[in-house]
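This is what each chain is made of:
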Protein chains: 2
Amino acid sequence: MTFPYEALAAFAQQLLERSGVPSGKANLVAVSLTASNLRGVDSHGLQLLPQYLEQIKAGNIQPESDGHVISENGACLLFDGERAFGQHVAAVCSDHAVRLSQAHGLGMAVARESNHYGAAAFWSQRIADAGCIGITICNASSLVAPWQGKQPRLGTNPISVALPGPRRWLLDMATTTVAMNKIVNASLSGRETIPPGWAMDAEGNPTTSTAVAIKGLLMPLGGYKGSGLAMMVEILCAVLSGGAMSTEVGGVYNRAKPMRTSQMFLSIDPTRFLPMEDFVERMTRLVAMMKSSAPAEGFDEVMVAGDPEWRIEEQRRRDGIPLSDGAWTALREAAVSLNVPLPSPAS
Amino acid sequence: MTFPYEALAAFAQQLLERSGVPSGKANLVAVSLTASNLRGVDSHGLQLLPQYLEQIKAGNIQPESDGHVISENGACLLFDGERAFGQHVAAVCSDHAVRLSQAHGLGMAVARESNHYGAAAFWSQRIADAGCIGITICNASSLVAPWQGKQPRLGTNPISVALPGPRRWLLDMATTTVAMNKIVNASLSGRETIPPGWAMDAEGNPTTSTAVAIKGLLMPLGGYKGSGLAMMVEILCAVLSGGAMSTEVGGVYNRAKPMRTSQMFLSIDPTRFLPMEDFVERMTRLVAMMKSSAPAEGFDEVMVAGDPEWRIEEQRRRDGIPLSDGAWTALREAAVSLNVPLPSPAS
């Protein structure tokens with residue numbers, strides 16, 4: 001099933017509003033999730049929405065909560081999410097980081113007691129849209145064994161960096177080989193196997209079975225380095241926030257306890273270092289230097305981070321967003337039970 | 001050949017002073033390089049010193065240069081290294097970053113026209129020793145093809161993060177599978193092969209030959225993610241600094257042009273978020289959570305970043321630092337030509 005972006009975003013907003021989410025927050029969550037589908041990152045798109053709705057029922061997401069600033073000290077702000085939507089916490093904290101960087105050149109907001117915030121890129125890009133370099137990272141439910149271990153202790157702990165100015169480069173990566181949602185996505189799409197290197201079974205043995213991987217562990221990116229990056233994220237988010245660390249964090253698929261994730265938002269004003277037009281010119285030149293490399297065997301061209309998603313976005317804005325059978329089934333069921341009309345498919 | 005730490009550091013300092021390096025800078029370079037050997041990171045230790053001495057002769061390192069602050073704007077400082085020793089630039093900029101974070105909570109110094117600064121961990125740790133979270137990254141000579149490419153466009157572009165308080169965790173990693181110096185080290189140690197996944201030949205084909213790899217390309221960590229992290233480093237260092245980018249950067253093994261590397265130093269005052277004793281207690285607890293995982297097949301225990309090096313440091317402080325034949329031969333030749341007495345081996 002393929003739908004226009006606007007129809008899906010409006011549909012998602014209605015599902016949220018009927019679940020008791022105030023209109024502004026419902027819009028923020030709906031738009032940010034649908035934007036991820038638009039970019040082709042379906043793992044962080046609307047397939048998460050039925051999970052969010054269940055988490056509202058479970059009390060783990062408190063849709064009316066606004067959270068509050070615990071402290072502001074120089075360029076540093078500490079925020080208590082009070083189980084609000086992660087997207088709400090992310091929007092508020094991104095904007096605080098931008099404000100602080102306008103005053104100091106740098107601004108850093110760290111939130112605790114937050115929830116899943118969707119794709120990290122949406123929030124780094126929010127900072128970038130305000131004219132600053134945006135960096136966001138967050139801890140997540142334990143699905144990864146630390147290097148040399150076989151029990152889950154770390155999350156996929158993603159890193160996203162976005163830049164002001166025209167679209168040149170946008171990084172959003174889990175510190176595992178892949179994000180867990182990619183395995184969920186494989187399952188929802190009915191793919192029985194996943195590539196080697198993605199996951200281990202519950203005993204720590206490598207697996208290519210989608211079903212086994214869902215109950216198993218993700219592999220850290222490049223072994224000890226991925227584990228090191230995931231710890232860096234854990235420290236800059238959860239150690240600093242005073243919030244839940246490692247196995248204390250819940251998860252978007254876990255109803256038994258609140259997610260309690262911590263998130264960090266860093267804003268850097270590049271104009272404290274050089275004029276914006278120079279920044280944009282240098283980024284344009286740097287990306288051109290990458291693309292000037294001859295392509296490796298099997299590739300037609302060199303792409304940089306962000307390129308694949310922007311191309312899909314252009315195509316999906318035109319042709320609509322395809323949903324997997326699994327994702328659409330869950331959304332339709334939610335719509336029926338909430339008495340929300342289904343969106344019209346793309347023509 | 002094995003030498004006590006103090007004898008090697010003093011020997012290195014003499015080699016530098018006889019090459020026209022002022023005493024303070026000679027001490028800084030000698031101590032920081034020897035500290036890397038002490039930690040077992042021989043790739044970034046004294047085997048670099050003969051290269052540095054050649055770079056002084058070539059005019060690419062200007063040993064009397066101090067560099068200068070170009071601008072200071074809020075928490076952001078821009079520095080021109082003026083081809084000074086990278087270690088000098090790193091010490092000055094680390095200290096500026098700390099000072100700025102004492103004023104604002106965050107401080108960021110970005111340097112251009114610098115030189116190789118040895119192991120990044122020495123400088124993140126310098127910031128940590130001043131009570132802050134220290135992060136440093138730098139661009140480096142192009143030895144890595146961008147993802148989907150086969151021509152060198154990116155450096156090993158390392159990331160190091162160090163923490164104040166007792167030794168718990170210390171990250172220092174290239175964004176390639178390994179640092180180029182590890183391949184040089186394999187060569188100096190007479191090892192003819194390297195593990196798969198480290199490098200490609202000059203045509204972009206994977207190789208396990210040390211000799212071929214030295215003339216070839218390093219592989220980015222985990223493919224497109226390593227490439228993305230390397231670009232992040234290039235942007236936060238070289239785009240912001242206004243200095244050399246990508247193929248414009250020289251290299252420690254390249255006499256034909258100045259290195260012109262850019263380096264970034266970020267200091268975060270954790271006490272703007274929580275009391276230092278809470279930070280230390282939480283780090284202790286987080287590391288214990290990692291170590292509570294059962295070890296995977298083939299391992300006795302879970303270690304975190306920093307553990308292997310601190311163990312080697314303890315042993316080498318006691319038993320001395322072994323130098324490879326290749327590294328020792330080059331240092332001895334330099335000593336003979338500079339008329340510097342050789343250090344006494346460990347007893």
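Nothing here was measured: the structure is a model prediction, and the numbers come from that model.

1. Comments concerning the sheet that holds strand S11 (residues 261-268) of chain B
Residues and elements named next belong to chain B. Reading across from one edge, S2-S3-S4-S11-S5-S6-S7 is the order of the 7 strands in this open sheet, with mixed pairing throughout. What marks the edges here is a single partner per strand, and that holds for strand S2 (68-73) and strand S7 (170-173). Adjacent strand axes in the sheet meet at a mean angle of 15° when their direction is disregarded. Pairing of strand S3 (residues 76-80) with strand S4 (residues 106-114) involves 5 bridges; the strand directions are parallel.

2. Re the state of the cysteines
Residue and element names in this part refer to chain A. Enumeration according to the criterion identifies 0 disulfides over all chains in this entry. In this structure Cys 138 is a free cysteine whose sulfur lies 6.4 Å from that of Cys 237, the closest cysteine sulfur available. On the basis of relative accessibility, which here comes to 0%, the residue Cys 237 falls in the buried class.

3. Observations regarding the pattern of salt bridges
Inspection of every chain in the model, using the stated rule, returns 28 salt bridges over all chains. Measuring nitrogen to oxygen at the nearest pair gives 3.0 Å for the salt bridge that ties B:Arg260 to B:Glu113. Here B:Glu113 lies in strand S4 and B:Arg260 lies in the loop between helix H8 (224-241) and S11, a separation of 147 residues in the sequence. Residues participating in the shared-partner salt-bridge network are A:Arg167, A:Glu313 and A:Arg317.

4. Remarks on the environment of A:Trp147
Relative to the assigned elements, A:Trp147 resides in the loop between strand S5 (133-138) and strand S6 (159-162). When its relative accessible area of 35% is taken as the criterion, A:Trp147 is described as partly exposed. When the C-alpha positions of A:Trp147 and A:Thr176 are compared, they lie 11 Å apart, and in sequence the two are 29 residues distant. If we ignore the near neighbours within four places in the chain, the residues touching A:Trp147 are A:Gly223, A:Tyr224, A:Ser227, B:Phe299, B:Val302 and B:Met303.

5. Quick notes on the side chain of A:Gln47
Of note, A:Gln47 is situated in the loop between helix H2 (23-38) and helix H3 (49-57). Contact partners of A:Gln47, with chain neighbours within four places excluded, come to A:Asp42, A:Asn181, A:Val184, A:Asn185, A:Leu188, A:Tyr253 and A:Ala327.

6. Considerations on the interface of chain A and chain B
When the parts of a complex come together, some accessible area is lost, and that lost area is often used as the size of the interface. Listed by partner, the interface residues are 75 residues for chain A and 75 residues for chain B. Taking both partners together, chain A and chain B bury about 6,500 Å²; carbon and sulfur atoms supply 72% of that area. Considering only the side of chain A, the residues that lose the most area to chain B are A:Gln148, A:Lys225 and A:Phe273, jointly responsible for 13% of the buried surface there. The interface formed by chain A and chain B contains 2 salt bridges. Between B:Arg285 and A:Glu248 there is a salt bridge, with its nearest N and O atoms 2.7 Å apart. A per-element tally of the side of chain A that touches chain B places helix H8 (residues 224-241) of chain A first, with 11 residues. Here the side of chain A that touches chain B is composed, by residue class, of 47 nonpolar, 19 polar and 9 charged.

Rules behind the numbers
- In this numbering scheme, every chain counts its residues from 1 along its sequence in written order.
- Here every chain gets a letter starting at A, and every ligand a number starting at 1, in the order they are written.
- With pLDDT at 70 or above as the cut-off, local features in this predicted model cover only qualifying residues; side-chain atom pairs require 80 or more to be listed or tallied, and sums for whole chains, interfaces and linings still use all residues.
- Calculation of side-chain values draws on the structure's entire complement of heavy atoms; hydrogens and water are dropped beforehand.
- Each pair of strands is called paired provided DSSP finds at least two bridges between the two strands.
- Runs of E in the DSSP output that reach at least two residues are strands. Runs of H or I that reach at least four are helices, and both are numbered from the N terminus.
- Angular values range over 0 to 180 degrees, each being the angle between N-to-C directions of two axes fitted as lines to C-alpha atoms, with helices fitted over their stretch in contact.
- Note on terminology: disulfide denotes any pair of cysteine sulfur atoms within 2.5 Å.
- In this scheme, a residue with accessible area under 20% of its type's maximum is buried, one over 50% is exposed, and one in between is partly exposed, where area comes from a 1.4 Å probe on protein chains only.
- Any carboxyl oxygen of Asp or Glu within 4 Å of a side-chain nitrogen of Lys or Arg constitutes a salt bridge here.
- Throughout, a residue-residue contact means that at least one pair of heavy atoms, one from each residue, lies within 4.5 Å.
- Values labelled buried area give the accessible surface lost by two parts on being combined, using a 1.4 Å probe and summing over both.
- All residues other than Ala, Val, Leu, Ile, Met, Phe, Trp, Tyr, Cys, Pro, Asp, Glu, Lys and Arg, Gly among them, are scored as polar; the first ten of these are nonpolar and the last four charged.

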